[in-house]
Amino acid sequence: MFQAGVPCHVISRGNNRQDCFINYNDYLFYLKCLNEACLKHNVALHAYVLMTNHVHLLFTPSCKQGISKVMQSIGRRYVYYFNKTYQRTGTLWEGRFKARIIDAERYLLSCYRYIELNPVRANMVATPGDYLWSSYGVNAGIKPRKNLSPHPLYQSLASDENQRHFAYQALFNRELTDDELNEITS
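The rules behind these values
Each chain has its residues counted from 1, following the order in which its sequence is written. Local features in this predicted model are restricted to residues whose pLDDT is 70 or higher, and side-chain atom pairs enter the listing and the counts only when it is 80 or higher, whereas totals over whole chains, interfaces and linings include all residues. Note that water and hydrogens are dropped before the side-chain values are worked out from all heavy atoms of the structure. The convention used is that axes are lines fitted to C-alpha atoms, helices contributing only their stretch in contact, and that angles between N-to-C directions extend from 0 to 180 degrees. Runs of H or I in DSSP of at least four residues are treated as helices and runs of E of at least two as strands, each being numbered from the N terminus. Each angle is binned into one of four classes, with values under 35 degrees roughly parallel, values over 145 roughly antiparallel, values of 65 to 115 roughly perpendicular, and all other values oblique. The hand of a helix crossing depends on one turn: near helix anticlockwise from the far one by less than a right angle means left-handed, and clockwise means right-handed. By definition in these notes, contact holds between two residues if any of their heavy atoms fall within 4.5 Å. Lys, Arg, Asp and Glu make up the charged group, whereas Ala, Val, Leu, Ile, Met, Phe, Trp, Tyr, Cys and Pro make up the nonpolar group; the residues left over, Gly among them, are polar. Only protein chains enter the accessibility calculation, which uses a 1.4 Å probe; a residue is then buried when its area is under 20% of its type maximum, exposed when over 50%, and partly exposed in between. At least two bridges found by DSSP between two strands is the condition for calling them paired. In protein, a polar contact requires one atom able to donate a hydrogen and another able to accept it; more generally it is a pair of N or O atoms within 3.5 Å, and residues adjacent in sequence count only if both atoms are side-chain atoms.

Draft legend 1. Molecular detail of the packing of helix H1 (residues 24-41) against helix H2 (residues 66-85). Contact geometry for H1 and H2: axes closest at 9 Å, N-to-C directions at 150°. On the basis of the axis angle, H1 is roughly antiparallel to H2. Here the hand of the crossing between H1 and H2 comes out right-handed. In this structure, H1 uses Asn25, Asp26, Phe29, Tyr30, Lys32, Cys33, Leu34, Glu36, Ala37, Cys38 and His41 to contact H2, whose residues at the interface are Gly66, Lys69, Val70, Met71, Ser73, Ile74, Arg77, Tyr78, Tyr81 and Phe82. The residue makeup of the contact of H1 with H2, split by class, is twelve nonpolar, four polar and five charged.

Printed below as a string of structure tokens:
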């Protein structure tokens, strides 16, 4: 299913939609696992959001098995941590993650927006910049670039980094169209 160099939107949900993140340290440890797995398996992470009971990730793997290896690594480390921390046993995630290849030319930047607007759509925050556990702050230039790899289409928003951040922020001034939503979610 995965192809080297082709972006993919990955969703992993909590079993029975249960919370997968209880406190601040949970989010931090998940991000640590994610970043280390991406480095180890040479997978570029472009965007993410960690919701209370699921995650959205936008990756580009360098090899076919990269995304599966990243998700397997996160699953092993994070579930062990979560179960030990909360004195529980059993599965945390709802089966295997779901993944969809993204047509980069048509929908990549829409997928960035879809992911980073998730907390706004869930009425958790008023703007994507208000949500702590999202890549929006980095992609919009509000936070320092760390652990994210900008996709070439993101970089093509402008040749100057400040202008690129301004252009990226401007993408969030309009709603996602029904066509964009259907392409990303179906």
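Draft legend 2. Summary view of the environment of Pro150. With respect to the helices, strands and loops of the structure, Pro150 is situated in the loop between helix H5 (136-139) and helix H6 (152-155). When its relative accessible area of 26% is taken as the criterion, Pro150 is described as partly exposed. In this structure the C-alpha to C-alpha distance between Pro150 and Cys8, which are 142 residues apart in sequence, comes to 14 Å. If we ignore the near neighbours within four places in the chain, the residues touching Pro150 are His46, Tyr112, Arg145 and Gln155.

Draft legend 3. Here's a closer look at the pairing of strand E2 (residues 43-50). A large share of E2 lies buried, amounting to eight of its eight residues. Summarising the sheet, E2 and strand E3 (residues 54-61) pair through seven bridges and their orientation is antiparallel. Within the sheet, the bridge partner assigned to Tyr48 lies in E3 and is Leu57. Taken together, E2 and the strand that follows it, E3, pair antiparallel across an intervening segment of three residues.

Draft legend 4. Main features of the sheet that holds strand E1 (residues 8-13). An order of E2-E3-E1-E4 is seen for the four strands of this open sheet, with the pairing classed as antiparallel. The sheet is open, and its two borders are formed by E2 and strand E4 (98-101), each paired with just one other strand. Taken pair by pair, the neighbouring strands of this sheet meet at an average axis angle of 20°, ignoring direction. The strands that H1 touches are E2 and E3; relative to E2, the one it contacts most, it runs at about 165°.

Draft legend 5. Focus on the pairing of E3. Within E3, eight of the eight residues are buried, which leaves the element mostly enclosed by the surrounding structure. Sheet topology places E1 next to E3; six bridges connect them, and they run antiparallel. Within the sheet, the bridge partner assigned to Cys8 lies in E3 and is Phe59.

Draft legend 6. Representation of the environment of His9 in the model. As for its placement among the helices and strands, His9 is situated in strand E1. Put simply, His9 and Ala99 are 90 residues apart on the chain and 5.5 Å apart in space, counted from C-alpha to C-alpha. Look past the residues within four positions of His9 in its chain and what remains in contact with it is His56, Leu57, Leu58, Lys98, Ala99, Arg100, Ile102, Cys111, Tyr114, Ile115 and Ile184. Looking at His9, its side chain comes within polar contact range of the side chain of His56, at 2.9 Å.

Draft legend 7. How the structure looks around the packing of helix H3 (residues 104-116) against helix H8 (residues 178-185). Look at H3 against H8: their axes get within 10 Å of each other, and the N-to-C directions meet at 85°. The angle between the axes of H3 and H8 places the two elements in the roughly perpendicular class. Listed contacts from H8 to Tyr107, Ser110, Cys111, Arg113 and Tyr114 of H3 are Asp179, Glu180, Leu181, Glu183, Ile184 and Thr185. A per-class count over the contact of H3 with H8 returns five nonpolar, two polar and four charged.

Any functional reading would require information beyond the geometric quantities listed.
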